[in-house]
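Structure at a glance
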Amino acid sequence: MRTGFPLLLSGVALVWTAAEAEELSRPFRKVRLTREFWAEGANVGDLNRDGHRDVVYGPFWFAGPEFTSRHEYRPATNVFEIKLADGTVRTLPGYEGALGTKNAYSDCFFTWTADLNRDGWTDILIVGIPGEQAWWFENPRGRPGHWRRHLALAVTDNESPEFTDLTGDGQPELVCNSGGFFGYAQPDATHPTAPWRFHPISPNNNYHRFTHGLGVGDVNGDGRADLLESNGWWEQPPSLEGDPAWTFHPVTFCPPDPGVPVGGAQLYAYDVNGDGLNDVITCLAAHGYGLAWYEQVRDGGRISFRQHVFMNKQPTDNKYGVRFTQPHALALMDVDGDGLKDLVTGKRFWAHGPDGDPEPNAPAVLYWFKLVRREGNLVDWVPYLVDSDSGVGTQVVATDVDGDGLQDIIVGNKKGAFLFIQKASGSDSNTWEHIR
């Protein structure tokens, strides 16, 4: 099946105009940067200031625009052993994932890039296993050797933290749980290498390290970003002076499944149906099934939400027959340039190994779902298969990597690191690999 086209299944009738078919026929070119498992996420940034964005994955960065030159910015010492069919033992670099037979976890679940000390060079922020430290690595400004490591936050909980501007001050904050609270942390502009201060926004509800579900967006339209979680949203007050508690509005965005009761992943606030109100988009269970959007409904001043599930356990739950498990990472981005944001997600490969979670060994698919608005405030999410041998990790990033104005996709997980470069309509879809 050629990637970049709608997934067509027997018994499912799709009718496209010629213009729609042309617009939606953009292929992605797959670059496999490495087969080694070093992290559950990857990201991009111009680390050497040459005008090209580079890919960061685990302890390495791959220099753009070719991505064939790999640089180690922190120690890459982890190894594991596998036994071959003839009984010999082989030692491989990284953590045990698809190259092995057992489950393992890396020391990196999330990666972001930003100029954290404001010296004009892009640094790297890493969140490790939930419950452990977040740290950042200071760009040495072209000098060789490992980058200097700084502690950001001593305890970083939640399996979907965000690094984004929650407070509206123009600078990103690390939004997460810590010590039982929801909250955020940010560097001190006057002392950028000091540990970051955590600002709680909720009471101590004993949120545990593996809490699932977090997002940032303006739910009520007051111009201030709110914090979303699987069980509702926290309304940002007019002033953050003195770290006030935010108002909680309970909503079950990620209904518990008796088989997979852990909750969701990333949540997004976005006006899906074009009625001027921000809705919520998320998965139902990060380790199970389901994608849904929640239509915001106003009754006077009261806000409620109406659930619309567009993928779940059965192929019939999706009008195009698409079904996969473990949508543990989601990104919202205008993939096709039509002015509407689309959903990028897929199957997290071996979240708990080859024997954990529903269908752990099914194809590790990566999709984007095109948002289509219909008459009467109706919407459709049209699925397009990008790849069937990569999936997502706990993080998936959609952004323009090569500067051509088209959105590309970056993935890091137990199958390695991947870059999917979108090509204009009519381009051939090629695959090549830089295997290490």
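Our subject in this report is the structure included herewith. Bear in mind the structure is a predicted one, so any value in this text is a computation, not a measurement.

Thresholds applied
Residues numbered from 1 in each chain as written. Predicted model: local features only at pLDDT ≥ 70, side-chain atom pairs only at ≥ 80, totals over all residues. Heavy atoms only, no water. 1 Å grid on protein atoms, 1.4 Å probe; cavity = no way out; pocket = protein on both sides within 12 Å on 5 of 7 lines; lining within 4 Å. Points joined across faces, edges and corners; volume = space filled by probe spheres on them. Helix = DSSP H or I, 4+ residues; strand = E, 2+ residues; numbered from the N terminus. Nonpolar A, V, L, I, M, F, W, Y, C, P; charged D, E, K, R; others polar. Buried < 20%, exposed > 50% of the residue type's maximum accessible area, 1.4 Å probe, protein only. Core = buried A, V, L, I, M, F, W, Y, C linked by side-chain atoms within 4.5 Å. Contact = heavy atoms within 4.5 Å. Pairing = 2+ DSSP bridges. Axes fitted to C-alpha atoms, helices over the stretch in contact; angles between N-to-C directions. Salt bridge = Lys/Arg side-chain N within 4 Å of Asp/Glu carboxyl O.

Next up on the list: the layout of surface pockets. In this structure, the largest pocket spans a volume of roughly 640 Å³. Residue lining of the largest pocket: 27 residues in total, with E162, F163, Y268, A331 and L332 positioned closest to the centre. With 5 residues, the top contributor of residues to the lining of the largest pocket is strand β19 (residues 263-270). The residue inventory of the lining of the largest pocket, partitioned by class, reads 17 nonpolar, 6 polar and 4 charged. The computed volume of the second largest pocket comes to approximately 290 Å³. Considering the residues around the second largest pocket, the lining is formed by 18 residues, among which R118, Q186, P187, D188 and A189 are closest to the centre.

Along the chain, the position of F182 falls in strand β13 (residues 181-186). The exposure class of F182 is buried, given its relative accessible area of 0%. For the pair F182 and E229, spaced 47 residues apart in sequence, the C-alpha separation works out to 9.4 Å.

Turning to the nonpolar core, a few remarks are in order. One broad rule of soluble globular proteins: the nonpolar side chains tend to lie buried together. By size, the foremost hydrophobic cluster in this structure holds 43 residues, and its most contacted members are L343, V344, F369, W381 and I409. When sequence neighbours within four positions are dropped, the list of residues in contact with W381 reads V272, I281, W293, F310, Y320, K341, D342, L343, F369, K370 and L371. Listed in part, the 31 residues of the second largest apolar core include V56, F60, Y73 and W147.

The 7 strands are arranged β8-β9-β10-β11-β12-β13-β14 in an open sheet whose pairing can be described as antiparallel. Sheet topology places β8 (110-114) and β14 (197-200) at the edges, where each strand pairs with a single neighbour. Neighbouring strand axes in the sheet, compared pairwise and without regard to direction, differ in orientation by 40 degrees on average. Of the strand pairs in this sheet, β8 and strand β9 (residues 123-127) are connected by 5 bridges, and their pairing is antiparallel. Bridged to A114 within β9 is D123.

The next thing to look at is the pairing of strand β2 (residues 42-45). Alternating residues of β2 divide into A42 and V44 and N43 and G45, and every residue in both groups is buried. Bridge analysis of β2 against strand β3 (residues 54-57) gives 4 bridges, and the strand direction is antiparallel. What sits directly across from G45, in β3, is D54.

What follows deals with the pattern of salt bridges. When the charged atoms of two side chains lie near each other, side chains of opposite charge can form a pair. As enumerated under the stated definition, the model contains 13 salt bridges in all. A salt bridge links R197 to D243, with the shortest nitrogen-to-oxygen separation between them at 2.8 Å. Of this pair, R197 sits in strand β14 while D243 is found in the loop between β17 (232-235) and β18 (247-250), placing the two residues 46 residues apart along the sequence. Ionic pairing is found between E359 and R323, a salt bridge with its closest N-O pair at 2.4 Å. Here E359, found in the loop between β24 (342-346) and β25 (366-374), pairs with R323, found in the loop between β22 (302-311) and β23 (330-333); they are 36 residues apart in sequence, far enough to count as distant. Look at E359 and you get partly exposed, because its relative accessible area is 29%.

Structurally, T122 can be placed in the loop between β8 and β9. On the basis of relative accessibility, which here comes to 19%, the residue T122 falls in the buried class. Setting aside chain neighbours within four positions, we find T122 in contact with D46, L47, T113, A114, D115, N139 and W147.

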